[in-house]
Amino acid sequence: MLVYLSKKIAIPNQTRLNCISWNRDQGFIACGGESNLLKVLRLESPSGAEAVMQGIAASANLSMNQSLEGHNGGVMCVAWNPIFKKLTTSDESGLIIVWMLHKGSWYEEMINNRNKSVVRDMKWTTDGRKIAIVYEDGAVIVGSVDGNRLWGKDLPYQLRFVEWSPDGKLLLFVTMDAEVHIYDADGNKLRSMKLMGQDNNGLGGDAMITAIHWFAPHGSHNSHVFARPGEQLPHTLIIAFENGKMLLSRGEDESSAELIDSELQSIVFARWSTKGTTLAVVGMAKQGQEGRSRKDRDSGNNIVKFFDCFGRPIRSLRIPGDNIREVSWEGGDLRMALAVDSFIYFANVRHQYLWASFLNTIVYAYPKSDRRDHILTFWDLVTQETYAKTVSNLKLVAAAGDYCAIVVSEKVNQASLKDPAAEEKSSSKNDDDDKAGGGNNNSNNNSNNSKANRNVLVDVYTVQLRNAIGAVVDTKTVPFAPKYIAMSPFHVALANDRTVFTWQFQASSGAIRSGGVRNSSSALLDDPNDDDAGGVDEPSGGRRGGGLGSKRGGADKCRIFDIENVGFSTAQSPETFRVLTDFIPDFITSITISDKYLVVARKNQTIQRFNIPHLTPENVYALRDRDVYKMQLNNTSSRLAVVDGNGLFTILDLDFKVPRANNSRQDDGESSMVEDEKQQDLSMSGRVSRDKDNGSGQYLSDSFGRKLNIDRKDVWDLQWSEDDPEMLVVMEKTKMVVIQHETPEEPVLSSAYLARFRDLEIRVVALDALFQHPDKPSRELVIDFESKLLREVRDLVAHEGLQRGYGDVETHPHPRLWKLIAHAALEDLDFPMAEKAFVRYGDYFGIKFAQQMAQMPDKMKARAEVAVFLQRFDEAEGIYREIDRKDLAISLRKRVGDYARVVQLLQTGGGNDQLAREAWDQIGNYYADRMKWKKAAQYFQLSRNVDALAECFYRTEQFADLEKLAKDLPDEAPLLYSLAKRFESVGMAEEAVTCFLRSGCPPKEAVDCCVKLNHWAKALTLAEKYDFPQVEGLLIKLAMQFVQSNRRLEAIELFRVANKPTEAAILIGDLAETVAQDMANPALAKKLHVLAALEVERHRKRALEQATQQENASLQGGDGNIASATAATLETLMMTSLLEGGNAGNTLANQNQTLQMTLNTLATHNGTAANNAKKVSKAFANAWRGAAAYHYYMVALRQFYAGHVDAAMKTSIKLCEYDDILAPRTIYSLLCLTALKNRFYGVASKAFVKLETLPIVSDEDREELQTLAVQIFTVNAPQDPAPLMEAYELSLNMGRSFTACTITGRAIQDSPAYMCRHCRHSALEHEIENYAKNPAKMNPAHTGALKFCPLCHSDMHYTPGAERRK
């Protein structure tokens, strides 16, 4: 970061200024001063492409200079409301005026005068809807933007400042006594803010608060940002004290406060930048800091110091004048306005952005709205594509060669880190403590400390190597927090104050290079409206590329050393190196690296050079009054460009040999050797003799190095030429200066940042404009300047001819100049001259091209080929079309890869369909390479490239189109197999099987696909058709594994999917019996029995279909053997297929095998095989019997609890038929209970008899039953109050079954009933209709008409009798 004064505006009549404020949105500057002074200024910068490149260097003229009249005294406060475009001002008499902008001028809108006290401060909320005004006597007024007074209050303090929180919910009042009180937005006091250091006099007893500012992000009204675990958030609140101390905190939270010494004698004002990244503190320098030069002493004692959002100092700027009052930032933080005496000074700010340039890619990072994560963008200048990555805790960025390097940090648990050096240190410390006599106590303490440290989060720093599209190529973990980074094509160097880490990475030959494999004309196909989707970057993961110091190849090597302990063998591998954290006064200030040397600058104004890759020290160079801020080596590593902290630039010749003095002791060999050893020792330790100066420059040591006689001031960027060791370009203030052979060229007005200097062309990037809208980069922000030498030679060739230009280049040879001569000769069709220039340039292909063109007889074709060689394709196409050779124009566009233009030429005539399809196909490939599948599909449809079209449909998940494409393909097409695999990968089994069978591949592929996707029904069908019996065994094996591991539901689902209802029904029935053992959930048992019955119905339907197929086959065969198939009933056929399996063919035999294995498994778990076979026979004889039993049981219980005891008793009589399913004791107990409640003591007596005769009843229970019966029937005779219906009597006495209504459980005699077509159970019609009229009476749990069967829950499709008769 560099700040320098750029402009000064004088106030008329030398009126002193009191305040100044810069409107961040509209750009107006308001300043107030003595003698009623109030002015509104506006600096208007020019627009256009040239102005964009010049940036703040462009001349800014005053487009507004309006004096506002209305105040009666000196204006003390000005406050902008940028949202509603209002200006609020107050003077020393207490008069407040609100100004509004109307037709380009400012006018009074509202006036207020309290006439009691002076206004000390005014602040608008972030949203501009409220203003807070504080008076010196303690009065506070809060008003709205429309002029209404919201509330007012007289506080018992003398007020000095007021500040809103970013969300507008809190007010901070600062008193004359250096107190800060926190109120809510309605004027209610919450608490007083405890300022750090007041208790222990850290701030001083009379430290007055001179400034307060709470940063609020533009467009954000949230003051609370919650920290992640172990995260340190940026400070947002600054409270400055008169004695030079600053209190920084994250809002009103005192626990995050940090007291910082600004090293100023006093602070006058402090203000955050509009982005919150930089804090400007205005004050007076201490007596020992007046400056070391006469210019500094003459500039006065005013100084502006800049700090980052964590309170770390960045830069300082001295301001001339006697009294500086305030400072204000421009929106965008590129300029500052300072009120000094009777002048307005403007300072330009050159920020240090996170960015780098390599290949044809610009990589830059900008923070997200919460200032935590960064968006790391890789911008390809050839194709104009961007690749955005989200990176957390980004620290440093550098680039060189084919890669860029970034440094990120992450919070990890300290227990997960393994540092051998730390462990060794801890171990040795414990040993020493034990020897001292405190072994046990220290051991316990260390144990407790180690346990406490397990949950401590520490920062782990990782350097990532990324290619031109942002992909992570490799990573390394750095064992310290790096502050500086430097990079060469094969090395990355990192350093903090004392430790240096180098990484020699292994460059891959297959690295993705921006524009390296793309044609320069391919950008013609880009759609400007199509946004390339960015990606969320993967976590840094310091362990990805290996841990600390890991190696991935022979050339992948890490070395580390401490700058205080340098020697010939001090560099170590990170595994064995112990990082020291002790402070050293001569800390590192900058580093740079090349393919030969690593150069480290230190605070003691020395520079040390180490060779690569061994990192052995070579030389130490001493500077005079230079604290190096930035430096860079040239392409031969012989010269070093240096910029110090004040922006002073110079060049050091590191390889220059210092001549020996004439009186050197050459004859005294021994003393010479001793002197050399002393000098060598001094060099290794960093202590060299004072600089010696001569006419040719300043010597940097006694042996090597001198400072060239070139100095530049206010330099903030530099870049060496990649092909000339004596040429570089620097940016100083608003000028770009090229220096060649120590001679500066004529400067160019620019404020852009240097990206590359090669072939006498300088590439610069307008980062200031780019970072205003970083998500929308434009190619206009990157421009290539030509150096003066290149411009002069071009003008010389244009005005005086090739021969003169050729002779001048021979005098000042440069490869880029020979290239210029060669191209100019080609344009003039002077091929011999072009060949000579190409020879000097070293371009073999250019030489061959010139020779070929010299032999071409057609000059027009030669001119067109020259235009192609010079990449002026439109000009070449025009020449071909002019000579009526459209075929050559089409061929030209094909060669350069501009197939969009090929299509346009074909549409105007010429070519053939094959060429058109090829062009469409190439365009489709272009979009497919960039993952734009929908656009690629459009062109592949035109080119009829079905293979690529299938890939596009698959990528965009257009499976319907993919299925349609598969249907249009002929059988045994090669694409069918690929489509089958694609369908299989997304679970589309039917489509995959169809494609497998049509592709001509073995049917086993289709069977395997069905098995893999769990489509067993299709798998069994295919296995039967193509004779794969092992599939049946695989199904059985998998199902039995489920059963044996008590995963019966999964086994049931497997059998159902495999279309085996028989086995599924058996397992469901067994599961239902298991659930019903304790009768805890009869509803679940009923549901399981219903599901089992439905599976039996599926089996019946399948058996009927097989019988029909056999009958049809017998009829077609004419053998007359039909009687067996037609005479057998459906039940007989089903039971035969289940238990015999011999007359049903292979399919039924396989089913019988599966069924038998299922029964065997059940027998293993639930009894004998005979019992399970009995259950199977019973279940298939009447599949709905189990469901009906639990249904009537729940109906009886529901009726009993509802008080319908008569209906409950009759339903309980129906339950007596199901004593093989329900527990007999449960049935007759329920019957006895309902009969007693209904006073049918005869029925109750029969129930008691049944209970007493049950074999499962113990003797003790039987005695209790008999005792209870005697007690009941001695009082009540065992007689019924009325005779029962015959059906009930027969059921009780003889066990005869009767048909019962599924709604009420009553017997159905002659009344009309409706039979469900699914479960074949009936319900009385009048009950169905009564249910619809009054459902709560029949079943309080249900409401509405009866639409489904109460037993099987299937749709009844019932039509009322009246409608049926009608």
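In this text the structure is predicted, and so the values were computed from the model without any measurement.

### Overview of the sheet that holds strand E2 (residues 17–22)
- Reading across the sheet, the 4 strands line up as E2-E3-E4-E5 and stay open at both edges, with antiparallel pairing between neighbours. A single partner strand is all that each edge strand has here, and the edge strands are E2 and strand E5 (61–67). On average, adjacent strands in this sheet sit at an angle of 20° to one another, irrespective of strand direction.
- Relative to E5, strand E4 (residues 38–44) runs antiparallel, the two sharing 6 bridges. Bridging across to E5, Lys-39 finds its partner in Ser-67.

### Quick word on the packing of aromatic side chains
- Tallied over the full model, the rule gives 30 aromatic pairs.
- Ring geometry for Phe-838 versus Phe-869: centroids 5.9 Å apart, planes at 85°, classification edge-to-face. Of the two residues, Phe-838 sits in helix H9 (residues 831–841) while Phe-869 sits in helix H11 (residues 859–869), which places them 31 residues apart along the sequence.
- The partly exposed category is assigned to Phe-869, whose relative accessible area is 27%.
- One cation-aromatic arrangement involves Arg-42 over Phe-28; the distance from NZ or CZ to the ring centre is 4.7 Å.

### So, the pairing of strand E28 (residues 343–350)
- Among the 8 residues of E28, 7 are classified as buried, and the element is accordingly described as predominantly covered.
- With 8 bridges connecting them, strand E1 (residues 2–10) and E28 associate as antiparallel partners. Opposite Ile-9, over in E28, you have Ile-344 as the bridge partner.
- Sheet topology places strand E27 (residues 335–340) next to E28; 6 bridges connect them, and they run antiparallel. Paired with Val-340 across the bridge in E28 is Phe-343.

### Some thoughts on the pattern of salt bridges
- Summed over the entire model, instances satisfying the criterion amount to 54 salt bridges.
- In this structure, Arg-312 and Asp-308 form a salt bridge, with 2.7 Å as the shortest nitrogen-oxygen distance.
- Notably, a salt bridge pairs Lys-981 with Glu-984, separated by 3.9 Å at the nearest N-O pair. With Lys-981 and Glu-984 both in helix H19 (residues 974–985), this residue pair falls 3 residues apart, about one helical turn.
- The exposure class assigned to Lys-981 is partly exposed, which follows from its relative accessible area of 35%.
- Under the relative-accessibility criterion, Glu-984 is labelled buried at 10%.
- Within the structure, one salt-bridge network assembled from shared partners comprises Asp-874, Glu-877, Arg-881, Arg-893, Asp-898 and Arg-901.

### Concerning the side chain of Asp-653
- Residue placement: Asp-653 occurs in strand E47 (residues 649–657).
- No salt bridge is formed by the buried Asp-653. Its closest oppositely charged neighbour is Arg-706, at 4.1 Å.
- Only 3.4 Å separates the side chain of Asp-653 from the backbone nitrogen of Asp-655, close enough to count as a polar contact.

### Quick notes on the sheet that holds strand E8 (residues 95–102)
- Reading across the sheet, the 4 strands line up as E6-E7-E8-E9 and stay open at both edges, with antiparallel pairing between neighbours. Of all strands in the sheet, those with a lone pairing partner are strand E6 (75–81) and strand E9 (105–113), marking the two edges. Here the average twist between neighbouring strands, direction ignored, is 20°.
- For strand E7 (residues 86–91) and E8, the ladder comprises 5 bridges, and the chain directions are antiparallel. Bridge pairing in E8 places Thr-88 opposite Val-98.

### Things to note about the environment of Lys-389
- Relative to the helices and strands, Lys-389 resides in strand E32 (residues 386–391).
- Each C-alpha atom, one on Lys-389 and one on Ile-469, is 9.6 Å from the other, the two residues being 80 residues apart in sequence.

### Considering the pairing of E7
- Of all the 6 residues making up E7, 6 are buried; the element is thus mostly covered by neighbouring parts of the structure.
- On E7, burial covers both faces: Lys-86, Thr-88 and Ser-90 on one face and Leu-87, Thr-89 and Asp-91 on the other are all buried.
- Judged from the 6 bridges that link them, E6 and E7 form a sheet pairing that is antiparallel. Counterpart to Val-75 in the pairing with E7 is Asp-91.
- What sits between E6 and E7 in their antiparallel hairpin is a turn of 4 residues, with Lys-85 showing a positive phi close to 55°.
- Between E7 and E8, which pair antiparallel one after the other, the connecting turn spans 3 residues, and Gly-94 there sits at a positive phi close to 95°.

Calculation criteria
- Residues numbered from 1 in each chain as written.
- Predicted model: local features only at pLDDT ≥ 70, side-chain atom pairs only at ≥ 80, totals over all residues.
- Heavy atoms only, no water.
- Pairing = 2+ DSSP bridges.
- Helix = DSSP H or I, 4+ residues; strand = E, 2+ residues; numbered from the N terminus.
- Axes fitted to C-alpha atoms, helices over the stretch in contact; angles between N-to-C directions.
- Phe/Tyr/Trp six-rings, centres within 6.5 Å; stacked < 30°, edge-to-face > 60°.
- Buried < 20%, exposed > 50% of the residue type's maximum accessible area, 1.4 Å probe, protein only.
- Lys NZ or Arg CZ within 6 Å of the ring centre and 35° of its normal.
- Salt bridge = Lys/Arg side-chain N within 4 Å of Asp/Glu carboxyl O.
- Lys, Arg positive; Asp, Glu negative; His and termini not counted.
- Polar contact = N/O pair within 3.5 Å; in protein donor to acceptor, adjacent residues only side chain to side chain.

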